Amino acid sequence: MSTTTENIHIERIEHSKIDQVDFKNLAFGSVFTDHMLVCDYKNGAWETPKIIPYQPISLEPSAKIFHYGQSIFEGMKAYKDKDDEVWLFRPLDNHKRLNISAKRMAIPELPEEYFMEGLKALLDLDREWIPKKEGSSMYIRPFIFASGKGFHASPADEYKFVICLAPSGSYFSGKVKVLIEEKYSRSADGGVGFAKAGGNYAGQFYPTQLAVEKGYNQVIWTDDHNHEYIEEAGAMNIFIRIDDTLLTGPTSDRILDGITRKSILQIAEEEGIPTEVRKITVQEVVEAAKKGTLKEMFGAGTAAVVSPISTFGYRGIDYDLPEVETSYASRLKKRITDIQFNRGNDPFGWRLKV
Ligand code: PLP
Ligand code: COI
């Protein structure tokens, strides 16, 4: 199979929609650029990707995505600096994780060249769309789904890899109020929690709706055994500061190996912040909140960046987090976004110019 992408065919849109977009008031992931990348898997091989105008995708009703949910995705961002240069953040890690998810969902793995060269060509074509406003960036959504048809409950024989671009503002507006979940589970040992599989998110919507009805923004998932340990949020890994130590749970079958999470851990270590990667019990967090040693909780993810948590709810009681001067959250958010937006040094070599 040839994996050269020199010949990515580009079909340009006739009239750009860019003038219709209010770049000053961008929501998250709700407007899309002029073009998209598509790449089909047929006859046992990925075909050369092509770039076409952003448009609906036509599928057979028997396409396996509709019935058996073979679908995975990634979340990335492109950042524009003050000189209009465009940067990606650890994109090869997203490609690696896409293939980890693919393997678990019996989807054929995608060659790195198709992912990287396709992404760069698409971003280059729609680079005018990358917002420059503080707090905004281009959210990138690469995904693969089963387009092959048939009701037989087995992996499809055809797939589509697509990348869409969405100029976006922040994911959360303001601080986040979370509910520690004790009834429902997001994932289980031996399951697919570590994969970015579409169904992981579908399964979270109902419990999250119940939490939203009670006034929370997001559920904090606990382990499926006894709901004893803090795991992660719907679209974020979780960090907790008790006294001056920054804690986060270890990755496992049940938890997504977040790129923001591992970057924050490295930055924190470099900054001399004491960190511990270990199982965190709900009880120790509740005790720390009661004693006043719980200083901060925040979520971390590509979409959410670093999102401070203002309150957590547990067994009918709300625990408010204190206002901390020079919080770890703001310090770490500044460091990571300075790297992403090319405002500061990148000692780790994470930035890639497009
Ligand atoms: N956990 C879940 C379930 C997610 O969906 C995400 C978002 O991608 C994260 C954690 C954070 O991962 P990353 O930092 O790679 O975006
Ligand atoms: C991301 O942070 O990129 C995600 O994938 C979160 C998404 C579910 C909105």
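Residues numbered from 1 in each chain as written. Chains lettered and ligands numbered in written order. Predicted model: local features only at pLDDT ≥ 70, side-chain atom pairs only at ≥ 80, totals over all residues. Heavy atoms only, no water.

1. Some points on the overall build of the protein chain
The secondary structure content of the protein chain amounts to seven helices and 19 strands. Against the globule reference of 20 Å for 354 residues, the protein chain gives a C-alpha radius of gyration of 21 Å, in line with a compact fold. Based on the C-alpha atoms only, the size of the protein chain along its principal axes is roughly 60 × 50 × 35 Å. Across the 354 residues that make up the protein chain, the buried fraction comes to 52%. Put simply, 71% of the contacts in the protein chain that link residues at least 6 apart link residues at least 24 apart. Charge separation in the protein chain, taken as the distance between the mean sites of 44 positive and 51 negative side-chain charges, equals 1 Å. (Helix = DSSP H or I, 4+ residues; strand = E, 2+ residues; numbered from the N terminus. Rg over C-alpha atoms; globule rule 2.2 N^0.38 Å. Buried < 20%, exposed > 50% of the residue type's maximum accessible area, 1.4 Å probe, protein only. Contact = heavy atoms within 4.5 Å. Lys, Arg positive; Asp, Glu negative; His and termini not counted. Charge placed at Lys NZ, Arg CZ, Asp CG, Glu CD.)

2. Description of the site of ligand 2
Every residue lining ligand 2 is accounted for by Phe73, Gly75, Tyr139, Arg141, Tyr171, Lys196, Tyr201, Ala235, Thr302 and Ala303. Within the side chain of Tyr139, one N or O atom sits 2.6 Å away from an oxygen atom of ligand 2. Bound to the protein, ligand 2 loses 91% of the 280 Å² it would expose on its own. Across the shell around ligand 2, the residue classes break down as six nonpolar, two polar and two charged. There are two domains that each give the shell around ligand 2 at least three residues, and those are domain 1 (2–168) and domain 2 (176–340). (Near = heavy atom within 4 Å. Polar contact = N/O pair within 3.5 Å; in protein donor to acceptor, adjacent residues only side chain to side chain. Areas by Shrake-Rupley, 256 points an atom, 1.4 Å probe, with all protein chains shown as cover. Nonpolar A, V, L, I, M, F, W, Y, C, P; charged D, E, K, R; others polar. Domains from an automatic or database assignment.)

3. Thoughts on unusual backbone geometry
Note: most residues except glycine have negative phi, and most peptide bonds are trans. The phi dihedral of His227 falls on the positive side, at around 55 degrees, and the residue is not glycine. On the secondary structure map, His227 appears in the loop between β11 (218–222) and β12 (230–233). Although it is not a glycine, Arg315 sits at a positive phi angle of roughly 50 degrees. By secondary structure assignment, the location of Arg315 is in the loop between β17 (305–314) and β18 (317–320). The class for Arg315 is exposed, based on a relative accessible area of 58%.

4. A look at the packing of helix α5 (residues 259–270) against helix α7 (residues 328–340)
Taken N-terminus to C-terminus, the directions of α5 and α7 make an angle of 110 degrees; their axes are 10 Å apart at the nearest point. Taken together, the axes of α5 and α7 lie roughly perpendicular to each other. The two elements α5 and α7 meet at a crossing, and its hand is right-handed. Only Leu332, Arg335, Ile336 and Ile339 of α7 make contact with α5, whose side of the interface consists of Thr260, Ser263, Ile264, Ile267, Ala268 and Glu270. Of the residues belonging to the contact of α5 with α7, the class tally is six nonpolar, two polar and two charged. (Axes fitted to C-alpha atoms, helices over the stretch in contact; angles between N-to-C directions. Parallel < 35°, antiparallel > 145°, perpendicular 65-115°, else oblique. Left-handed = near helix turned anticlockwise from the far one by under 90°.)

5. A few points about the domain arrangement of the protein chain
Per the domain assignment, the segments of the protein chain are domain 1 (2–168) and domain 2 (176–340). Taking only C-alpha atoms, the centre of domain 1 and the centre of domain 2 are 28 Å apart. Across the contact, 20 residues belong to domain 1 and 22 residues belong to domain 2. Taking both sides of the interface into account, the surface hidden between domain 1 and domain 2 amounts to around 1,800 Å²; carbon and sulfur atoms contribute 62%. (Buried area = accessible area lost by both parts, 1.4 Å probe.)

6. A short note on the site of ligand 1
Looking at ligand 1, there are 16 residues lining it, with Lys196, Tyr201, Glu232, Thr260 and Thr302 nearest. The contact in question runs from an oxygen atom of ligand 1 to an N or O atom on the side chain of Tyr201, over 2.4 Å. At 2.6 Å, a side-chain N or O of Glu232 approaches a nitrogen atom of ligand 1. Burial of ligand 1 by the protein amounts to 97% of the accessible area it has alone, namely 380 Å². When residues of the shell around ligand 1 are traced back to their parent elements, those giving at least two are α5 and β16 (294–301). The residue makeup of the shell around ligand 1, split by class, is six nonpolar, six polar and four charged.

7. Concerning the nonpolar core
Nonpolar side chains in soluble globular proteins tend to be buried together. Within the largest apolar cluster, 38 residues are counted, with the highest numbers of intra-cluster contacts made by Trp46, Leu123, Ile140, Ile144 and Phe161. Counting only elements with at least two residues in this core, the list comes to β2 (35–42), β6 (76–80), β7 (86–89), α2 (91–104), α3 (112–125), β8 (137–146) and β9 (159–168). The element best represented in this core is α3, accounting for seven residues. When near neighbours in sequence (up to four residues on either side) are disregarded, Ile140 contacts Glu74, Gly75, Met76, Lys77, Ala78, Leu88, Leu119, Leu123, Ile163, Cys164 and Leu165. Counting 25 residues, the second largest nonpolar core, distinct from the first, contains Ile242, Leu247, Ile280 and Ile309. (Core = buried A, V, L, I, M, F, W, Y, C linked by side-chain atoms within 4.5 Å.)

8. Quick word on the environment of Leu122
Its location among the elements puts Leu122 in helix α3. Among the residues examined, Leu122 registers a relative accessible area of 0% and is labelled buried. Expressed as a C-alpha distance, the spacing of Leu122 and Ile163, which sit 41 residues apart in the sequence, is 8.3 Å. Not counting the four nearest positions on each side in its chain, Leu122 is found in contact with His35, Met36, Leu37, Ile51, Ile163 and Leu165.

9. Quick word on the pairing of β17
Summarising burial for β17: eight of the 10 residues are buried, a large majority. In terms of strand pairing, strand β10 (residues 176–180) meets β17 through four bridges, oriented parallel. By the bridge assignment, Val176 is partnered in β17 with Ile309. Bridge analysis of β16 against β17 gives four bridges, and the strand direction is antiparallel. Among the inter-strand pairings, Phe298 is bridged to a residue of β17, identified as Pro308. Between β16 and β17, which pair antiparallel one after the other, the connecting turn spans three residues. Relative to β18, β17 is paired through four bridges, and the arrangement is antiparallel. For Thr311, the partnering residue across the bridge sits in β18 and is Asp320. If you look at the hairpin formed by β17 and β18, you'll find two residues sitting between the two strands, and Arg315 has a positive phi there, around 50 degrees. (Pairing = 2+ DSSP bridges.)

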